[in-house]
Amino acid sequence: MDLKRIILLGAPGSGKGTQARFIEEDFDLEHISVGEILREEMRNSTVTGLKIADAMNKGQLISDDVIEEIMANKLSTLDAYLLDGFPRTLEQAKMLEELLESRSQEIDIVVYLAVSREEVVRRISGRRFCAECGALFHIIANPPKQEDICDVCSKELSIREDDNEETANKRMDVYLELTAPLIDFYKQKSKLLEIDGNNDIDIITKNIKDALAK
Ligand code: AMP
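A. Highlighting the environment of Leu38. Along the chain, Leu38 turns up in helix α2 (residues 34-43). Taking the C-alpha atoms as reference points, Leu38 and Ile52, separated by 14 residues in sequence, lie 7.9 Å from one another.

B. Up close: the sheet that holds strand β1 (residues 5-10). Strand order in the open sheet formed by five strands is β2-β3-β1-β4-β7, with parallel pairing between adjacent strands. Strand pairing shows two members of the sheet lacking a second neighbour, β2 (30-33) and β7 (192-196), which therefore form its edges. Within the sheet, the average angular offset between the axes of one strand and its neighbour, ignoring direction, is 20°. With five bridges joining them, strand β4 (residues 109-114) and β7 adopt parallel strand pairing. Of the residues in β7, the one forming a bridge with Leu113 is Ile195. Here α2 sits on the sheet in contact with β2 and β3 (81-84), set at roughly 60° to β2. Where helix α4 (residues 64-75) meets the sheet, it contacts β2 and β3, and its direction lies at approximately 170° from that of β2.

C. Quick look at the site of the ligand. Taken together, 15 residues lie around the ligand, and Gln60, Ile62, Gly85, Arg88 and Gln92 are the ones closest in. Backbone polar atom of Gln60 to an oxygen atom of the ligand: 2.5 Å apart, as the coordinates give it. Arg88 places a polar side-chain atom, nitrogen or oxygen, 2.8 Å from a nitrogen atom of the ligand. About the coverage of the ligand: the protein hides 96% of its 480 Å² of free accessible area. For the shell around the ligand, the leading source of residues is α2, giving four residues. For the shell around the ligand, the per-class residue count stands at six nonpolar, four polar and five charged.

D. Representation of the nonpolar core. Formed by 41 residues in total, the largest nonpolar core has its most connected members in Leu83 and Leu96. When near neighbours in sequence (up to four residues on either side) are disregarded, Leu96 contacts Ile7, Leu75, Leu83, Phe86, Pro87, Ile107 and Tyr186.

E. Structural view of the packing of α2 against α4. Put simply, α2 and α4 touch, their axes get as near as 12 Å, and they point 105° apart. With respect to their mutual orientation, α2 and α4 come out roughly perpendicular. Between α2, through Val34, Ile37 and Leu38, and α4, the contact on the second element is made entirely by Ile67, Ile70, Met71 and Lys74. Residue composition of the contact of α2 with α4, grouped by class: six nonpolar, no polar and one charged.

F. How the structure looks around α2. Within α2, burial applies to Val34, Gly35, Ile37, Leu38 and Arg39. Along its buried surface, α2 packs onto β2, α3 (47-58), α4 and β3. Backbone geometry just after α2 places Ser45 at a positive phi near 45°.

G. Spotlight on the packing of helix α7 (residues 165-179) against helix α8 (residues 181-188). Relative orientation of the contacting elements α7 and α8 amounts to 35°, with a least axis distance of 5 Å. Contacts between α7 and α8 pair Tyr175, Leu176, Glu177, Leu178 and Thr179 from the former with Pro181, Leu182 and Ile183 from the latter. Across the contact of α7 with α8, the residue classes tally to six nonpolar, one polar and one charged.

H. Spotlight on helix α5 (residues 90-101). An ideal rise of 1.5 Å per residue puts 16 Å on twelve residues; α5 measures up with 16 Å between its terminal C-alpha atoms. Along α5, the residues that are buried comprise Gln92, Ala93, Met95, Leu96, Leu99 and Leu100. Taken end-on, α5 shows its buried residues confined to a sector of 160°, consistent with a single buried face. The outward face of α5, more than 90 degrees from its buried face, is lined by the exposed residues Glu98 and Glu101. In this structure, the buried side of α5 is in contact with β1, α4, β3 and α8.

Cut-off values and rules
- Residues numbered from 1 in each chain as written.
- Predicted model: local features only at pLDDT ≥ 70, side-chain atom pairs only at ≥ 80, totals over all residues.
- Heavy atoms only, no water.
- Helix = DSSP H or I, 4+ residues; strand = E, 2+ residues; numbered from the N terminus.
- Pairing = 2+ DSSP bridges.
- Axes fitted to C-alpha atoms, helices over the stretch in contact; angles between N-to-C directions.
- Contact = heavy atoms within 4.5 Å.
- Near = heavy atom within 4 Å.
- Polar contact = N/O pair within 3.5 Å; in protein donor to acceptor, adjacent residues only side chain to side chain.
- Areas by Shrake-Rupley, 256 points an atom, 1.4 Å probe, with all protein chains shown as cover.
- Nonpolar A, V, L, I, M, F, W, Y, C, P; charged D, E, K, R; others polar.
- Core = buried A, V, L, I, M, F, W, Y, C linked by side-chain atoms within 4.5 Å.
- Buried < 20%, exposed > 50% of the residue type's maximum accessible area, 1.4 Å probe, protein only.
- Parallel < 35°, antiparallel > 145°, perpendicular 65-115°, else oblique.
- Expected span 1.5 Å × (residues − 1).
- Arc of directions from axis to C-beta.

What follows is the structure, given as structure tokens:
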């Protein structure tokens, strides 16, 4: 199947960002990480960035209005993409459906990475990233060759402000309440591909690629 529009769905720390990097290469899709767009707004201290900083750092969701405006702009010129972190509420999912319908397009598949709460908290607490090139690491599951140094560009690695145990638990609660209903939403549309996200990174990648190749 010629896959043009894929959604990556899963709890925070389920591996969406990590897997997105492998999928985008194989399917030549633009990787759109909503969290990354929002963090960029905060780094640049834009009006939106200042408005969302508090909620982001507490692990709450940003309001649907703000997200929908950003995404409508972002998707307006794109045909093929991999959505990472959007939609995250039923309202956002319905907005996306309408947007695509108006263009006679549709989502081809929703890859749902299923992980347990313990795994989410363990992963989020050990997560590191490179502010220079965006590379992602984990101190146990995917450690850099040299402690706290990026393998790609040799810069010192950073920890996201919202990557701590307390916020991880909060983000999991938010996910279960607001985002998990999307699993049924896409299941009913026969779009859902469930992958066990508790495995090692390379096993998950292989399982996703094998399933998408079918
Ligand atoms: P992520 O990088 O995907 O883990 O997202 C980090 C944070 O960005 C989340 O905890 C939310 O505060 C915010 N965020 C990302 N995507 C969305 C979305 N679709 N709707 C609302 N808030 C979002």
